Amino acid sequence: MFKHIALSLALLPLAQTAVAEDIQTTILAGGCFWCIESDFESVQGVKDVVSGYTGGTTANPTYETLKGSGHYEAVEITYDADTVSYDQLLFAFFRSVDPTDAGGQFCDRGDVYRTAIFVSNPAERAAAEAAKATARRDLGQQIVTPILDAATFYDAEDYHQDYYKGENRVLTRRGVKTQIEAYKFYRDACGRDARVSQLWGDAAPFVNYN
C-alpha cells in the first residue's frame with residue numbers, strides 16, 4: 001500500500017506541470033512553397049509545415065495542373081499557439097515576402113505564386129487586417145496581399161515536401177545536385193533574399209538562415 005502511495009506522489013509533480021499545447025493551423029501563400037516551408041519550419045513553436053495548393057476551383061490539383069486553376073502554391077502551418085502566436089507568424093510572413101508585388105514573387109511569375117493569407121474565422125481576419133496595416137505602415141508602400149477565406153487545402157506531391165533538406169539527387173542547370181544544393185541555388189538565383197532584404201532590411205527574419 002505504502003509503495004503505491006509513494007509512486008503516486010512521485011508522479012504528482014509531473015501531472016501538475018504537464019500543460020496541453022494549443023495546436024492551431026494557418027494557411028499562407030508566399031511564392032515558392034519550398035521557401036515558405038523552409039522559413040517557417042525554423043520558427044520555435046511551429047510543429048509542421050506542409051506544402052500544397054489552395055484558393056482555386058479545381059478539385060485535387062497537381063503541380064502540372066495549377067496553371068489556370070486559380071490555386072496558389074501555399075503552406076499549411078501547424079503551430080503551438082502557447083509558444084508562437086498567430087500575430088507573430090503574420091508579422092514574420094509579411095517580412096519574408098514582397099507584399100507589394102501582385103504578379104508573383106521574385107523570379108516566379110503568375111497567379112500561382114501570388115501572396116495571400118487564408119483565414120478561418122473573424123478573429124483571424126481581424127488579426128490579418130491588423131498585420132497588413134502594420135506592414136503597410138512600416139514599409140511605407142501599398143500592400144497587395146489579399147486576405148481570403150480559407151478553402152480546401154490540398155497537399156502537394158511527396159517530392160515537394162521538405163524539398164529544401166532532401167538528399168535525393170536531381171538534375172539542374174548546373175548538373176546533378178542534391179535537393180539541398182538545388183534548393184540553395186534556386187533561392188539565390190531567384191533573388192528572394194536579396195529582394196526581401198532590400199524591402200525590409202534588418203526586419204527580415206529568415207534571410208540569414210537560408
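Owing to the predicted nature of the structure, the values given are computational and were not obtained by experimental measurement.

Quick notes on the rules
- Residues numbered from 1 in each chain as written.
- Predicted model: local features only at pLDDT ≥ 70, side-chain atom pairs only at ≥ 80, totals over all residues.
- Heavy atoms only, no water.
- Helix = DSSP H or I, 4+ residues; strand = E, 2+ residues; numbered from the N terminus.
- Polar contact = N/O pair within 3.5 Å; in protein donor to acceptor, adjacent residues only side chain to side chain.
- Contact = heavy atoms within 4.5 Å.
- Disulfide = S-S within 2.5 Å.
- Buried < 20%, exposed > 50% of the residue type's maximum accessible area, 1.4 Å probe, protein only.
- 1 Å grid on protein atoms, 1.4 Å probe; cavity = no way out; pocket = protein on both sides within 12 Å on 5 of 7 lines; lining within 4 Å.
- Points joined across faces, edges and corners; volume = space filled by probe spheres on them.
- Arc of directions from axis to C-beta.
- Salt bridge = Lys/Arg side-chain N within 4 Å of Asp/Glu carboxyl O.
- Phe/Tyr/Trp six-rings, centres within 6.5 Å; stacked < 30°, edge-to-face > 60°.

Enquirer: Give me the side chain of Asp101: which residues, what numbers.
Expert: Mapped onto the elements of the fold, Asp101 is located in the loop between α3 (86-94) and β4 (104-105). In terms of polar contacts, Asp101 uses its side chain to reach the backbone amide nitrogen of Gly103, at 2.9 Å. Setting aside residues no more than four positions away along its own chain, Asp101 makes contact with Phe106, Arg109 and Val144.

Enquirer: Pulling in residues and values, what's your account of the state of the cysteines?
Expert: All chains considered together, the criterion is met by one disulfide. Residue Cys107 pairs covalently with Cys190 via a disulfide, S to S 2.0 Å. Because the torsion about its S-S bond is -105°, the bridge between Cys107 and Cys190 counts as left-handed. One end of the pair, Cys107, is in the loop between β4 and β5 (108-109); the other, Cys190, is in helix α5 (residues 179-190), with 83 residues separating them in the sequence. Judged by relative accessible area, Cys107 falls into the partly exposed class, the value being 43%. Cysteine Cys35 shares no disulfide, and the gap to the nearest cysteine sulfur, in Cys32, comes to 4.1 Å. In this structure Cys35 comes out as buried when scored by relative accessible area, which is 1%.

Enquirer: Lay out empty space enclosed by the protein in plain terms, naming residues and giving numbers.
Expert: To find leftover empty space, a probe the size of one water molecule is rolled over the atoms. Enumeration according to the criterion identifies one cavity of 30 Å³ or more in this entry. Looking at the largest cavity, its volume works out to about 30 Å³. Every residue along the wall of the largest cavity is listed here: Asp39, Arg95, Ser96, Arg187, Asp193, Val196, Ala204, Pro205, Phe206 and Val207.

Enquirer: So what's going on with helix α6 (residues 192-200)? Which residues, and what values?
Expert: Inspection of α6 places Arg192, Asp193, Val196, Leu199 and Trp200 among the buried residues, and these make up the whole buried set. Projection of α6 onto a plane perpendicular to its axis shows the buried side chains occupying an angular sector of 130°, all on one side. Relative to its buried face, α6 has exposed residues pointing more than 90 degrees away, namely Ala194 and Gln198. Buried residues belonging to α6 abut β1 (23-30), α2 (33-40), α3, α4 (122-139) and α5. Once α6 ends, the next one or two residues include Gly201, with phi positive near 60°.

Enquirer: Provide a residue-level description of the pattern of salt bridges, including the pertinent values.
Expert: On inspection of all chains with the given rule, the structure shows ten salt bridges. Two residues, Asp138 and Arg95, come together in a salt bridge whose shortest N-O distance is 2.9 Å. Of this pair, Asp138 sits in helix α4 while Arg95 sits in the loop between α3 and β4, placing them 43 residues apart in sequence. Owing to a relative accessible area of 41%, Asp138 belongs among the partly exposed residues under this scheme. On the basis of relative accessible area, Arg95 is assigned to the buried category, the value being 2%.

Enquirer: Now, about the packing of aromatic side chains: what can you tell me, with residues and values included?
Expert: For the structure on display, the rule yields seven aromatic pairs. Centre to centre, the rings of Phe33 and Tyr53 are 5.8 Å apart; their planes meet at 45°, and the pair counts as tilted. One end of the pair, Phe33, is in helix α2; the other, Tyr53, is in strand β2 (residues 46-54), and 20 residues separate them in sequence. With respect to class, Phe33 is no different from Tyr53; both count as buried. An angle of 0° between the planes, with centres 3.8 Å apart, marks the rings of Trp34 and Tyr163 as stacked. Highlighted residues: Trp34 in helix α2 and Tyr163 in the loop between β8 (154-155) and β9 (169-172), separated in sequence by 129 residues. The residues Trp34 and Tyr163 share a single accessibility class, namely buried. Of the aromatic side chains, those joined through ring pairs into one cluster are Trp34, Tyr163 and Tyr186.

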